[in-house]
Amino acid sequence: MGGNGTASVNGSIASSERQYVSHGTYHDPVYGDIEIVEWTGGDKNKSPEESNSAPRMYVTFYKDGSGVNEIAKYGADHKKEWAIHTQPHNSKKAQKKGEAIDGPHIHRWENGRALKPERFSPNDPRIALLQRVQNFQKTKNNHVEK
């Protein structure tokens, strides 16, 4: 079994046990299809730690619809390679470790663990990816009947 209710390389999880629901796909002109998922396992917004379908990208939005929580890229081994986080990484613990970052940032993943946060470099194409996904989310929210 994979982390957070996803399937690992060795099998899949019954739909009754999954902690995610899919809300469709966003097609990005550079990165291709990105599955939109929602964590159903509690109050926190989480993304899968392993992908059922590799390679894959996922985006999670905040449960209240206020914006992008995370965009994550998974490799052929079903493991997370990197993730874009939108919330500042500025807790007291992060400040003490010298890892505080205001605003969106990247976490590279290695062996199933997030590495320290990194600022976007000025020419990083993932900045534009985040902007496109944010624009898609705003457009989608504007077309939802209330």
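The coordinates are above.
Keep in mind that this is a model prediction, so the values were computed, not measured. All chains use their own residue numbering, which begins from 1 and follows the written sequence. Reporting of local features is limited, given that this is a predicted model, to residues whose pLDDT is at least 70; pairs of side-chain atoms are given and counted only at 80 or more, and all residues count toward the totals for whole chains, interfaces and linings. Derived side-chain values reflect all non-hydrogen atoms in the structure, with water molecules and hydrogen atoms excluded from consideration.

(A) The pairing of strand β6 (residues 105–110), seen in detail. For two strands to pair, DSSP has to find at least two bridges joining them. Strands are runs of DSSP state E lasting at least two residues, helices are runs of H or I lasting at least four, and both sets are numbered from the N terminus onward. Strand direction decides the pairing type here: strand β5 (residues 80–85) and β6, joined by 4 bridges, are antiparallel. In the strand pairing of β6, H85 is matched with H105. Judged from the 4 bridges that link them, β6 and strand β7 (residues 113–118) form a sheet pairing that is antiparallel. Following the sheet pairing, W109 is matched in β7 by A114. Counted between consecutive antiparallel strands, the loop separating β6 from β7 contains 2 residues, among which N111 sits at a positive phi close to 50°.

(B) Region of the structure containing the nonpolar core. In terms of nonpolar packing, the biggest core is built from 15 residues, with I34, V59, V68, I71, I84, L129 and V133 touching the most fellow members. Those elements that place two or more of their residues in this core are β2 (32–39), β3 (56–61), β4 (68–74), β5 and α2 (125–142). Only heavy atoms matter for contacts: two residues are in contact if any of them lie within 4.5 Å across the pair. Contact partners of V68, with chain neighbours within four places excluded, come to V59, T60, F61, Y62, T86, L130, V133 and Q134. In plain words, nonpolar cores are sets of buried Ala, Val, Leu, Ile, Met, Phe, Trp, Tyr and Cys residues tied together by side-chain atoms within 4.5 Å. Classification of residues uses two cut-offs on accessible area relative to the type maximum, computed with a 1.4 Å probe and protein chains only: under 20% is buried, over 50% is exposed, and between them is partly exposed.

(C) Molecular detail of the packing of aromatic side chains. When the centres of two rings from Phe, Tyr and Trp lie within 6.5 Å, Trp using its six-membered ring, the rings pair. Their planes under 30 degrees apart give stacked, over 60 give edge-to-face, and anything left gives tilted. Under the criterion given, the structure shown has 3 aromatic pairs. Taking 4.8 Å as the distance between ring centres and 40° as the angle between the ring planes, the aromatic pair formed by Y26 and F136 counts as tilted. A residue pair is termed long-range when its members are at least 10 positions apart, and Y26 in strand β1 (residues 20–28) and F136 in helix α2 qualify at 110 residues. Y26 sits in the buried class, given a relative accessible area of 9%. On the accessibility criterion, F136 (22% relative accessible area) is partly exposed. Ring plane angle 80° and centroid distance 5.2 Å describe the contact between Y58 and Y74, whose orientation is recorded as edge-to-face. With Y58 in strand β3 and Y74 in strand β4, this pair connects stretches of sequence that are 16 residues apart. Relative accessible area serves as the criterion here: at 6%, Y58 is assigned to the buried category. Taking relative accessible area as the criterion, Y74 reaches 0% and is therefore assigned buried.

(D) Up close: the sheet that holds β4. Read from one edge to the other, the open sheet built from 7 strands follows the order β1-β2-β3-β4-β5-β6-β7, with strand pairing classed as mixed. Both outer strands of the open sheet, β1 and β7, are each paired with one neighbouring strand and no more. Sheet twist, expressed as the mean angle between neighbouring strand axes with direction ignored, is 25°. Note on method: axes are straight lines fitted to C-alpha atoms, helices fitted across the in-contact stretch only, with angles between N-to-C directions ranging 0 to 180 degrees.

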